[in-house]
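Notes for the structure review
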Amino acid sequence: MAIAESVRDRGRLFVERPGGLVVAAVAGYLLLDLLVKLSGTNLYFGGIKLIGGSLTPSSLGTMVLDGILVGLAVGLAGIGLSMTYSILDFANFAHGDTVTAGAFFGWVVAYVLAGAGTGASLDQLFLFDSGVQLSAVSTFVPVLVGLVVAAVGTVALVLLLDRLTYQPMRDSGNISLLIASIGVALALRYGIAFVFGTQTSGVATSGLQITLLALPSGTITITDNELTLLVVSLVAMLGVHVLLQRTTLGKAMRAMADNEDLARVTGIPTERVVRLTWILGGGLAGISGYLLVLESGTISFNFGWILLLLIFSAVIVGGIGSIYGAMAGGVLIGLVDSMALIWLPSGLTKAAAFFVLIVVLLLRPSGIFSGVTTA
């Protein structure tokens, strides 16, 4: 009896939400195709290939690793965006260019320090034009100093922007703040382009490769730069968790995100919480931008703006306002963006990430961590 009722409930669910059936069918097809590709065979019907191809387990493992790494950095940046939305109640479109600014702060300092004894001129080092390539192993101290500068410099930048732009407009409504953030984004992006140019510069390369898994089809390796991204991202996320759950500041931030008026009545210094929100969000944005450049090896004036779409997708997929949702959403979006290469050309992988965003909104409109705000 219970089994029959369960079957009827599932049937009713598919009738009421047919999109779920379509998504399940597509997911089943992709999974079957992936398994057939891993076996190295093809299935044809009427002379037309339905599924199959060639994909080695080592290639799949490398894609998964790349997706997790990029997803962690995206999730790290998404935490700041989610906090801004939760506590300040506006979508900050300047967040992507803040990520870019943090990366430039850190890498200028790291590059100058690493190239100080090479005979290159200061302007060549400042503009990443000396040919020096950094790595977490061979130039550990400059890379570490650059990471700290990226965080501190971005914090100083966002506090200045808040003081000059957002704070005077705080009572004007979230739409006004959103429009202002677009103006700030344009100013940051083209200010960076004016100083550093619009070219893409190579600044980092791997100094060490570590074998994680040896398979008959090949090896799955991680570089020292990728390992640095992995460790720093996980430590930063753990730090955010401890801050939110174990400190007075974290409790104040959660209270203000849930109900700002009640938080103010109970004596919570809301303006101080706002300032600390900018500090934490800005620091994480700078770190994420710096680590992404360390992993990819290149830096350009607009990479944060391009990344912003993935950051927004991660925040929305995870659940707007949920910091843990931003973390989970970042990893999911990163995995989708990386593994979409199995079926799509490289230029269309972002479309797959947005497709997942649409699917999540259709099936769970409030996100994976639906209803959860800061915790």
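So, here is what we can say about the structure in this document.

Considerations on the overall build of the chain
Along the chain, the regular secondary structure elements total 14 helices and six strands. What you see for the chain is a C-alpha radius of gyration of 23 Å, in line with the 21 Å of a compact globule of 375 residues. Seen through its C-alpha atoms, the chain measures out along the principal axes to roughly 65 × 60 × 35 Å. For the chain, the residues scored as buried account for 46% of the 375 residues in total. In the structure as shown, the chain presents an accessible area of about 17700 Å², 69% of it carried by carbon and sulfur atoms. Separation between the mean location of the 17 positive side-chain charges and that of the 19 negative ones in the chain comes to 8 Å.

Focus: the pairing of strand β4 (residues 209–215)
Relative to strand β5 (residues 218–223), β4 runs antiparallel, the two sharing six bridges. Looking at the pairing, Ala214 lines up with Thr219 of β5.

Remarks on helix α7 (residues 174–196)
The periodicity of an α-helix, 3.6 residues per turn, causes residues three or four places apart in sequence to face the same way. The end-to-end C-alpha distance of α7, which contains 23 residues, comes to 32 Å, matching closely the 33 Å that a straight helix rising 1.5 Å per residue would cover. Within α7, burial applies to Leu177, Ala180, Ser181, Val184, Ala185, Leu188, Arg189, Ile192, Ala193 and Phe196. Contact partners of the buried residues in α7: α3 (57–88), α4 (95–114), α5 (122–126), α6 (140–166) and α12 (303–318). Of the residues flanking the end of α7, it is Gly197, one or two places downstream, whose phi is positive at about 85 degrees.

Focus on the pattern of salt bridges
If you walk through the whole model with that rule in mind, you get four salt bridges. A salt bridge links Arg170 to Asp162; its shortest N-O distance comes to 2.3 Å. Take Asp162: its relative accessible area is 5%, and that puts it in the buried class.

The rules behind these values
- Residues numbered from 1 in each chain as written.
- Predicted model: local features only at pLDDT ≥ 70, side-chain atom pairs only at ≥ 80, totals over all residues.
- Heavy atoms only, no water.
- Helix = DSSP H or I, 4+ residues; strand = E, 2+ residues; numbered from the N terminus.
- Rg over C-alpha atoms; globule rule 2.2 N^0.38 Å.
- Buried < 20%, exposed > 50% of the residue type's maximum accessible area, 1.4 Å probe, protein only.
- Areas by Shrake-Rupley, 256 points an atom, 1.4 Å probe, with all protein chains shown as cover.
- Lys, Arg positive; Asp, Glu negative; His and termini not counted.
- Charge placed at Lys NZ, Arg CZ, Asp CG, Glu CD.
- Pairing = 2+ DSSP bridges.
- Expected span 1.5 Å × (residues − 1).
- Contact = heavy atoms within 4.5 Å.
- Salt bridge = Lys/Arg side-chain N within 4 Å of Asp/Glu carboxyl O.

Take it as geometry only, folks, not as evidence of what the structure does.
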